[in-house]
Amino acid sequence: MLDNYAIADNFSLISKLMDIQGDNSFKAKSFSSAAFTVEKLPVQLQVTPPEEISKIKGIGDSIGKAIQEMLTTGKFSALESYLLKTPPGILEMLKIKGLGPKKIATIWKELEVETLGELLYACNENRLTLLKGFGQKTQDAVKQSIEFYFSNQGRYLYAQAEALALSLEKELQQILAPAAVSLTGQFRRTENIIDEIELVAALPAPALQEKLGQLSSLTQLTATEDALLWQHEQHIKVRIYPAGAENFGKTLFTTTASVPFREYFNAIYDVNSAPQNATEADIFSLAGMDYIEPCLRYSAATIDLAIKKQLPALITHKDIKGIIHSHSTWSDGEHTLQQMAVKAKEQGFEYLVISDHSRSAFYANGLSIERIQAQHAEIDELNKQLAPFRIFKSIEADILNDGSLDYPDEILATFDLVIASVHSNLKMNEEKAMARLLKAIENPYTTILGHMTGRLLLSRNGYPVNHQQIIDACAANNVVIEINAHPRRLDIDWEWIPYAMDKNVLLSIDPDAHSTDGFHDIYYGTLAARKGRLTAAHNLSSFSAAELEAFISRKKK
């Protein structure tokens, strides 16, 4: 049977949900008041005679009946009906400090945001500041609260775990010196999602326990001869594999590889047969194959390529020549067009492709046709000032429900590049999503297909698509596929990069930058692209300014 606190919680929750849904404000207030009254009662309602409940000051007949329902059935049907029509992510937002029902309602209805991950992404895109009643301080506070909330969930984006993983490796190298220490596992393979930070240390387990027990930031969870598991004060788990100095290389090799990779490799060469003090390079050489980078140690396919000496030279972030896909204060960016361009030039890039949001993205201050003309005039002026650095005119055009783009052809023709992306009505089945995307790909003005599935890692799965069919369509229509480099997107997924390259489809590592700080995301996009064996020659943002201009000219013809 429910106690007073549980009953009060139910009343409080339904009051908030009614405010979020925009329903009967008077009734919402009465439920809120009832929550306060019930919580403060000196006697449990469980032992109060039923006929006396409605007589309690602040309760009354209507609230009394709801209490009776909860006491007799353990359920509150009115609350359950609201829970059914409220997305789970909206309920989760109520846990975020600084977000009350009214603000959540605005976020949901005006931004069409339904999960915390989407909300964090909207904060990164500077969109909350565009809403009435939200300022920079509110946006910063919400962002900080969400990041703290996520830090307690147990799974992390690579970018979220990176700083701690690298600092922990460095700290252990100092503490355990002269013993060798190296990161391994998911992080060393640069997986999109990290469940725990893994390291190898060239010390036996007892010595490791003694040394690591001195670190106040770590709390030990389990210990075996093969691995020690610790909990870091920043909530992420840390697994450390002990190894002798003579078998450090073998242990590093074994713990870096995924299970399928390791099993296929061992069928070719038994790692345990490698001599003492063998390095990873030695192990690959003894197996008769080229060295395989850690990021590629996930499947049999890379082993076959290594045996045939056919592994490509993987792209690096230094191969990126320009920033493609960026936003300025013309739409929802944090910095002006000039600031974005100057910073890109200072960082050694040859060009900036400015691609603010199109007019249907009202929530992102999308550009009207008149504002496009004004932006193009500013670009022309900045190009004179910043030459030989070049700003290319672009737009992130919304793919509308019927698959058409957001402007008529005569406006689309004024851009150097058009990035076509889905931003609205994301709850599509595969048939609807495919029809929408394929029509956009077939539009002669589409240059790049932006964030193909609309996914947000750890937050939103994205709409279902037939990747192979989309890649084939891009091949047929000479459309580039974006690798959106934002750590929460990394979309298209790296697993489809080899197929795209086989079909001679260009990919483009693009930061989708909403500030100058966002330029750094090309680093994470490049890490993901390397897992798909992407080369610089197959990446549009590795083109020089002159090469990009020639590509645009060919595309327009």
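Definitions and cut-offs
- Residues numbered from 1 in each chain as written.
- Predicted model: local features only at pLDDT ≥ 70, side-chain atom pairs only at ≥ 80, totals over all residues.
- Heavy atoms only, no water.
- Salt bridge = Lys/Arg side-chain N within 4 Å of Asp/Glu carboxyl O.
- Buried < 20%, exposed > 50% of the residue type's maximum accessible area, 1.4 Å probe, protein only.
- Helix = DSSP H or I, 4+ residues; strand = E, 2+ residues; numbered from the N terminus.
- Pairing = 2+ DSSP bridges.
- Axes fitted to C-alpha atoms, helices over the stretch in contact; angles between N-to-C directions.
- Contact = heavy atoms within 4.5 Å.
- Parallel < 35°, antiparallel > 145°, perpendicular 65-115°, else oblique.
- Left-handed = near helix turned anticlockwise from the far one by under 90°.
- Nonpolar A, V, L, I, M, F, W, Y, C, P; charged D, E, K, R; others polar.
- Expected span 1.5 Å × (residues − 1).
- Arc of directions from axis to C-beta.
- Core = buried A, V, L, I, M, F, W, Y, C linked by side-chain atoms within 4.5 Å.

J.: Would you mind showing me how to read the pattern of salt bridges here?
T.: When charged atoms on two side chains of opposite charge get close, those side chains can pair. In the structure shown here, the tally under the stated rule is 19 salt bridges. In this structure, E52 engages K55 in a salt bridge whose closest nitrogen and oxygen atoms are separated by 3.8 Å. Classification of E52 by relative accessible area gives partly exposed; the value is 36%. Across the pair E196 and R239 runs a salt bridge, and its minimum N-O distance is 2.6 Å. With E196 in strand β4 (residues 196-201) and R239 in strand β7 (residues 237-242), this pair connects stretches of sequence that are 43 residues apart. On the accessibility criterion, E196 (15% relative accessible area) is buried. By relative accessible area, R239 is classed as partly exposed at 22%.

J.: What is the right way to look at the sheet that holds β4 in this model?
T.: The strands making up a sheet associate through hydrogen bonds between their backbones, and the pairing can be parallel or antiparallel. Ordered in space as β2-β4-β7-β6-β5, the five strands form an open sheet in which the pairing is mixed. Single-partner strands in this sheet number two, and they are β2 (181-184) and β5 (218-223). Strand-to-strand twist across the sheet, computed as the mean angle between neighbouring axes with direction ignored, equals 30 degrees. Sitting on the sheet, helix α12 (residues 205-212) is in contact with β4, β5, β6 (228-232) and β7, with an inclination near 15 degrees to β6. Strands β2, β4 and β7 of the sheet are contacted by helix α13 (residues 248-256), whose axis makes an angle of about 15 degrees with β2.

J.: Could you clarify how one ought to interpret the side chain of T115 in this entry?
T.: By secondary structure assignment, the location of T115 is in the loop between α7 (101-111) and α8 (116-124). Beyond its immediate stretch of four places on either side in the chain, T115 contacts G89, M93 and S459.

J.: Please explain the pairing of β2 as it appears in this structure.
T.: Within a regular strand, side chains alternate between the sheet's two faces. Taking every second residue as pointing to the same face, both faces of β2 are buried, with V181 and L183 on one and S182 and T184 on the other. Pairing of β2 with β4, which is carried by four bridges, proceeds in the antiparallel orientation. For V181, the partnering residue across the bridge sits in β4 and is A201.

J.: Please explain the packing of helix α1 (residues 4-21) against α7 as it appears in this structure.
T.: Two numbers describe a pair of packed helices, the interaxial angle and the distance between the axes. Remark: α1 packs on α7, axes separated minimally by 8 Å, with the N-to-C direction vectors making an angle of 40 degrees. Of the possible angle classes, the one that applies to α1 and α7 is oblique. For the element pair α1 and α7, the recorded crossing hand is right-handed. Judged by residue contacts, K16, D19, I20 and Q21 of α1 engage P101, K102, I104, A105, W108 and K109 from α7. Its residues assigned to classes, the contact of α1 with α7 shows five nonpolar, one polar and four charged.

J.: So what exactly am I meant to see when it comes to helix α4 (residues 60-73) here?
T.: Since the α-helix advances by 3.6 residues per turn, residues separated by three or four positions end up pointing in the same direction. With 14 residues, α4 ought to run about 20 Å at 1.5 Å a step, and its terminal C-alpha atoms sit 20 Å apart, in line with that. Residues of α4 that are buried include every one of I63, G64, A66, I67, M70 and L71, and no others. Projected onto a plane normal to the axis of α4, the buried residues spread over an arc of 160 degrees and lie on a single side. Residues D61, S62, K65 and T72 are exposed on α4 and point more than 90 degrees away from its buried face.

J.: Could you clarify how one ought to interpret the nonpolar core in this entry?
T.: Proteins that are soluble and globular tend to have nonpolar side chains buried together. Counting residues in each nonpolar core, the largest one holds 81 residues, and the members touching the most others are F265, L449, I470, L507, I509 and L534. When residues in this core are grouped by element, the largest group, six residues, is from helix α20 (residues 430-442). In contact with L507, not counting residues within four places along its chain, are V480, I481, I483, I492, I497, A500, M501, L534, H538, N539 and L540. Grouped together as the second largest cluster of nonpolar side chains are 48 residues, L41, L79, L131 and I146 included.

J.: How do you make sense of the packing of helix α10 (residues 158-175) against helix α23 (residues 522-531) when you look at a structure like this?
T.: Between α10 and α23, whose axes approach to 11 Å, the crossing angle comes to 100 degrees. Between α10 and α23, the interaxial angle falls into the category roughly perpendicular. In this structure, α10 contributes Y158, A159 and E162 to the contact, and α23 contributes Y523, Y524 and L527. Looking at the contact of α10 with α23, its residues break down into five nonpolar, no polar and one charged.

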